[in-house]
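Inside the fold
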Amino acid sequence: MSDAGALDPLEIAEAWHAEGRAVAIATVIQTWGSAPRPAGSHLVIDGDGNFEGSVSGGCVEGAVISEAADVIATGHPRTLEFGVADETAWRVGLSCGGTIRVHLERLG
Amino acid sequence: MWIRSLQALNLARQARKAAILATDLDGQGEQVILEGEPVADPLADAATIAFMTGKASIVDIAGRQLFLNVYLPPPRMVVIGAVHISQALARMAPVAGYDLTIIDPRTAFATPERFADVDLVPEWPEEALARRPLDPYTALVALTHDPKIDDFAILDGLRRKCFYVGALGSRKTHAKRIDRLTRSGLGEDEIARIAAPIGLDIGAASPAEIAVAILAQVVQAFRRREMTGSPT
């Protein structure tokens, strides 16, 4: 029912920030169909591409992580959409057939 | 996300306090809302619904798209009494997503053999609950029907606004319990919050069936609970 535990993404994001690392936070903000992770789920990424948490069952994390580098560099938040109806589906589609929107922003 | 929002969220979560992060999806800022805090009007209803359901969602507030992410403490169950029903509850509660702790000072009952892999505290509730206090996201289930063990925990559960306080015992046992609790200063409203006889009325007979009835009643209480947080 929660993300509590040793590998809590928001605790890790705070710890990374305290160490002086650049951090981006990705959050599932909307889902349609059978999405693997509910709205509110977090993936946190640092400037070197280290990450913790998840926004899907592993299908779109790679794409989110590469977008995170841009968001960290520019500081501009963006919203990404993934799903079978999306033109990127051939690349990073959700095998479960769902669609998700992910909000990605820099921690600062 | 601002670092001070993240810090506020993490503090609330560590303290088992419910919180909402409201994020403007066009990058026009964000706000952390703690449960029980007054919320400015256009957001108040949406925040109340979010705290009730625990579900994150996008809402339209005054022409702005806000994402409300809800962080509820994981609900847990504290059981007083290492009895037969508790053995069944200890297996069922985790399946329903509830962490469970069993407290019983009677070391003949509270044995690791009877409760393998269970968080079992062989102490008086006065001691055990001082170290790990009850809170609004905890269900208190009193099963010993021994006033020396149950009564303190029931009082403490009501005082700390547990979303569920249930007590095992026949109507006659409960009538005596009401007498004692009234004498110790508890009001009618508070006494009415005690689920007794415990469990949904499904005709449960065996200890395992009673455990099902209790667990179902706990889930019902959590999903239909009112906001219990006090201003901080």
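What comes next concerns the included structure. Every chain's residues receive numbers from 1 upward, in the order its sequence appears when written. Ligands are numbered from 1 and chains lettered from A, in the order in which they are written. Totals for whole chains, interfaces and linings use every residue, but because this is a predicted model, local features are given only for residues with pLDDT of at least 70 and side-chain atom pairs only at 80 or more, for both listing and counting. Side-chain figures throughout are based on the complete set of non-hydrogen atoms in the structure, without hydrogens or water.

**Concerning the packing of aromatic side chains**
Residue and element names in this part refer to chain B.
- Geometry of aromatic contacts follows a simple scheme: Phe, Tyr and Trp rings, the Trp one being its six-membered ring, pair when their centres are within 6.5 Å, and the pair is stacked under 30 degrees between planes, edge-to-face over 60, tilted otherwise. Under the defined criterion, the tally for this structure stands at two aromatic pairs over all chains.
- Each ring, one from Tyr 137 and one from Phe 222, has its centre 6.3 Å from the other, and the planes form 70°; the classification is edge-to-face. In this pair, Tyr 137 is assigned in the loop between α4 (125-131) and β8 (138-142) and Phe 222 in helix α8 (residues 207-223), connecting sequence segments 85 residues apart. An identical accessibility class is assigned to Tyr 137 and Phe 222; each is buried.
- Centroid distance Phe 163 to Phe 222: 5.1 Å. Interplanar angle 65°. Geometry classified as edge-to-face. Of this pair, Phe 163 sits in the loop between α5 (147-159) and β9 (164-167) while Phe 222 sits in helix α8, placing them 59 residues apart in sequence. Elements are defined by DSSP. Helices are runs of H or I of four residues or more, strands are runs of E of two residues or more, and each kind is numbered from the N terminus. When accessible area is computed with a 1.4 Å probe and restricted to protein chains, residues below 20% of their type maximum are described as buried, those above 50% as exposed, and intermediate ones as partly exposed.

**Topic: the interface of chain A and chain B**
- Contact criterion: two residues are considered in contact whenever any of their non-hydrogen atoms come within 4.5 Å of each other. On the side of chain B, 23 residues touch chain A, which itself brings 24 residues to the contact.
- Carbon and sulfur atoms make up 60% of the surface buried where chain A meets chain B, a total of about 1,900 Å² over both sides.
- What counts as a salt bridge is simple: a side-chain nitrogen of Lys or Arg found within 4 Å of a carboxyl oxygen of Asp or Glu. Seen at the junction of chain A and chain B, the total is two salt bridges.
- The shortest N-O distance in the salt bridge between Arg 13 of chain B and Asp 8 of chain A comes to 2.7 Å.
- Mapped onto the side of chain A that touches chain B, the elements with two or more residues apiece are α1 (9-18), β1 (23-32) and β5 (99-106) of chain A.
- Polar here means any residue outside two lists: the nonpolar Ala, Val, Leu, Ile, Met, Phe, Trp, Tyr, Cys and Pro, and the charged Asp, Glu, Lys and Arg; Gly therefore counts as polar. A class-by-class count of the residues in the side of chain A that touches chain B yields ten nonpolar, eight polar and six charged. Put simply, buried area is the surface a 1.4 Å probe can reach on two separate parts but cannot reach once they are joined, added for both.

**Brief notes about the sheet that holds strand β7 (residues 119-121) of chain B**
Residue and element names in this part refer to chain B.
- In this description, strands pair whenever DSSP reports at least two bridges between them. Strand order in the open sheet formed by six strands is β7-β6-β5-β8-β9-β10, and the pairing between neighbours is parallel. In this open sheet, the two strands that pair with only one neighbour each are β7 and β10 (194-195).
- Relative to strand β6 (residues 99-103), strand β5 (residues 76-80) is paired through five bridges, and the arrangement is parallel. Residue Arg 76 lies in a different strand from β6, and its bridge partner there is Asp 99.
- Helix α3 (residues 84-95) rests against β5, β6 and β8 of the sheet, and its axis sits at about 160° to β6.
- α8 rests against β5, β8, β9 and β10 of the sheet, and its axis sits at about 155° to β9. Throughout, an axis means a line fitted to C-alpha atoms (over the contacting stretch in the case of helices), and angles, computed between N-to-C directions, take values from 0 to 180 degrees.

**What to know about the side chain of Asp 156 of chain B**
Residue and element names in this part refer to chain B.
- Looking at the element boundaries, Asp 156 is found in helix α5.
- What makes Asp 156 buried here is its relative accessible area of 4%.
- With sequence-adjacent residues up to four places away left out, Asp 156 is seen in contact with Leu 129 and Leu 134.

**Quick word on the sheet that holds strand β2 (residues 30-34) of chain B**
Residue and element names in this part refer to chain B.
- Pairing within the open sheet is antiparallel, and its four strands lie in the order β2-β1-β4-β3. For this open sheet the edge positions go to β2 and β3 (57-61), each flanked by a neighbour on one side alone. The average undirected angle you get between the axes of adjacent strands in this sheet is 25°.
- Summarising the sheet, β3 and strand β4 (residues 64-71) pair through five bridges and their orientation is antiparallel. Pairing of Ile 58 across the sheet is with Phe 67, part of β4.
- The sheet strands contacting helix α1 (residues 3-14) are β1 (19-24), β2 and β4, and the helix crosses β2 at an angle near 20°.
- Strands β1, β2, β3 and β4 of the sheet are contacted by helix α2 (residues 41-53), whose axis makes an angle of about 35° with β4.

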